[in-house]
Amino acid sequence: MKYDRVQEADPDVAAALEAEVDRQRDTLAMIASENFASEAVLEAQGSVLTNKYAEGYPGERYYGGCENVDTIESLAIERAKELWGADHVNVQPHSGSQANMGVYLAVLDPGDKILSLDLTHGGHLSHGHEVNFAGQLYDVEHYEVDADSGRIDYDALREQAEAFDPDIVVSGYSAYPRQVEWERVQAAADAADAYHLADIAHITGLVAAGEHPSPVGIADFVTGSTHKTIRAGRGGIIMCDEEYADDVDTAVIPGMQGGPLLHNVAGKAVGFEEALQPEFEEYAAQTVENAAVLGERLQEHGFELVSGGTDTHLVLVDLRGSHPDVTGKEAEQALEEVGIVLNANTVPNETRSPFVGSGIRAGTPALTTRGFDEDDLREVADLIAEVVDNVDDEDVKAEAAERVQQLCDANPLYE
Ligand code: DSN
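Calculation rules
- Residues numbered from 1 in each chain as written.
- Predicted model: local features only at pLDDT ≥ 70, side-chain atom pairs only at ≥ 80, totals over all residues.
- Heavy atoms only, no water.
- Helix = DSSP H or I, 4+ residues; strand = E, 2+ residues; numbered from the N terminus.
- Near = heavy atom within 4 Å.
- Polar contact = N/O pair within 3.5 Å; in protein donor to acceptor, adjacent residues only side chain to side chain.
- Areas by Shrake-Rupley, 256 points an atom, 1.4 Å probe, with all protein chains shown as cover.
- Nonpolar A, V, L, I, M, F, W, Y, C, P; charged D, E, K, R; others polar.
- Pairing = 2+ DSSP bridges.
- Contact = heavy atoms within 4.5 Å.
- Axes fitted to C-alpha atoms, helices over the stretch in contact; angles between N-to-C directions.
- Buried < 20%, exposed > 50% of the residue type's maximum accessible area, 1.4 Å probe, protein only.
- Core = buried A, V, L, I, M, F, W, Y, C linked by side-chain atoms within 4.5 Å.

1. Remarks on unusual backbone geometry
In this structure, the amide linkage connecting I253 to the following residue, P254, adopts the cis form with an omega of 15°. Looking at the element boundaries, P254 is found in helix α10 (residues 245-256). A positive phi angle, close to 70°, is found at R231, a residue other than glycine. Along the polypeptide, R231 turns up in the loop between β9 (221-225) and β10 (236-240). With a phi angle near 60°, N349 is a residue other than glycine that sits in the positive phi range.

2. Examining the site of the ligand
Taken together, the neighbourhood of the ligand is formed by S33, H124, S174, H202, K228 and R361. Between the ligand and the protein, one listed contact pairs an oxygen atom with a side-chain N or O atom of H202 at 2.7 Å. In the model, an oxygen atom of the ligand is placed 2.7 Å from a nitrogen or oxygen of the R361 side chain. Calculation on the ligand without its partners gives an accessible area of 230 Å², and the protein chains cover 64% of this total. Of the residues assigned to the shell around the ligand, the class counts are no nonpolar, 4 polar and 2 charged.

3. Structural notes on the sheet that holds strand β11 (residues 304-305)
Sheet architecture is open: 4 strands sit in the order β11-β12-β15-β14, paired in antiparallel fashion. Each having just a single partner strand, β11 and β14 (343-345) make up the two edges of the open sheet. Pairing analysis gives 5 bridges linking strand β12 (residues 314-318) to strand β15 (residues 359-363), with the strands arranged antiparallel. When the sheet's bridge partners are listed, V317 is paired in β15 with I360. Packing against the sheet, helix α14 (residues 328-338) makes contact with β14 and β15, and its axis sits at approximately 45° to β15.

4. Side note on the environment of F221
Following the sequence through the fold, F221 ends up in strand β9. Judged by its relative accessible area of 0%, F221 falls in the buried class. Counting along the chain gives 194 residues from F221 to E415, while the straight-line C-alpha distance between them is 39 Å. In this structure, F221 is in contact with V103, V107, Y195, H196, L197, A198, M239, C240, Y244 and V248, ignoring residues within four places of it in sequence.

5. Comments concerning the nonpolar core
With 48 residues, the main nonpolar core has W84, I152, I230 and F272 as its most contacted residues. Of all the secondary-structure elements, those providing two or more residues to this core are α4 (67-84), β5 (113-117), α7 (154-164), α8 (182-191), α9 (204-208), β10, α11 (262-275) and α12 (278-300). Broken down by element, the residue count for this core peaks at 5 residues, all from α4. In this structure, L305, L377, A385 and C408 belong to the second largest nonpolar core, which totals 34 residues.

Put into C-alpha cells, the structure is as follows:
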C-alpha cells in the first residue's frame, strides 16, 4: 500500500501513513473496537465524495448535484435495513457517540433522566459520563454489573428504574463480554415508562450475522458504529421504528450535524454489501469462537476473566487475582513492546484510576479478519501470559516479539 501522491505533496504525512500500514501489518490488533476495512471500503472512503455537500436526505437535499450521493446513501440505508431488519435507518451520524447524541436530541429535553451502565463497569462515555455532553446536559444515574457474577443484574436494574424513573434506559456496552438480554432491559424501561436505547456499537457485526440476539424490534432505538465488528466505513448509525423516523432524522440534521460525511457513507454502503455475503456469517462465528478460545487459554494460564468467560468478540481480564502487582497500563505497555496492541481497562469494582486500570480488554475482530483461527489464538494467549508474567524481562519480550512477527507474516494484511 503506497501513498505516492501524498508523498509528492507532503512527505511527512506520507511517511507516517506508510509507517502506520507497517504497524498494522506487523502487530496484533486486539483493541476490541478495531477491525480492518477491506480495500474496497478504503477506496470508497478515500473517494471524491469528500468534496460534496448534501445537507438533507436522499431526494430532499438543500444543495444541487446530489443524484450520485442520493444513490449511495439510499443503498447504505437499504442494505442496513436488510442486515438488521430495522424499519428506519439513518446512516449519517459521524460516529457511534453522535448516533447516541441524535437519539437523546430526538426524545429528551435537557435535564431529563438517563439510566445507563457505569463506564467502569463496561458502559460508554456517551451514555452519560460526567465529562461527556450527555452527563452535563442530562440527569444521569448509573447501574452496575453484579459484583460476584460480573453480569448485568436485570432484576436490580428494574428496581433501580422504578426508583429513579428515567426518561430513557441505555443498554449495549463497550467492555461487556456477555450476551445482553434485551427483553429484560426492555422490562426495566417499561417499568419506568421510559424509552430504551440499545447501543450495539461493539456488536453490530455479531447481531447482523446472528451471533448475538438482536435488540431491533425490542428497544425503541438501536445505535451503532459501522467500523467495528461490521467492518464497514467509519461512522455511526441509528435504527428505529417508523414512528420515530422524523424525530431522529431532524435531530441528526439540522439538529446536530451539517453536511453528512458522504465518503464515509459510501464506505458504509460498500461494507454493508460485503456483510450481506454468506462469508460474513462465517467471519462473525469465527470471531466469537476465537474470543472463546482466547479466554479459555488465558484461564488455563491462571488469568481471571470478568464474568468468567465470554459470549462475544472480547474478553475482559481482571489482573488483580492473578497479577496483583501488574496494573492494566503496565500490562498494556509490556504487550505493546512485543507487538500485541490492546488496551488497559477498568474492571468492575475498580480500585485504580481509569488511566491505569486493573484489567486488560482484548478482542478478536481484527485478528479474525486477517485469518487467525483457534490455534493462532491459543498461541496469542500463550504470548500474552508469558509477557504479563514477565513484564520486565527483556529476553522473554524479545522472544515473544519474534513469535508475534511470525504470526503476522503467516496472516498477511493489505498485500
Ligand atoms: N473507543 C471505543 C472502544 O474502544 O470501545 C468506543 O467508542
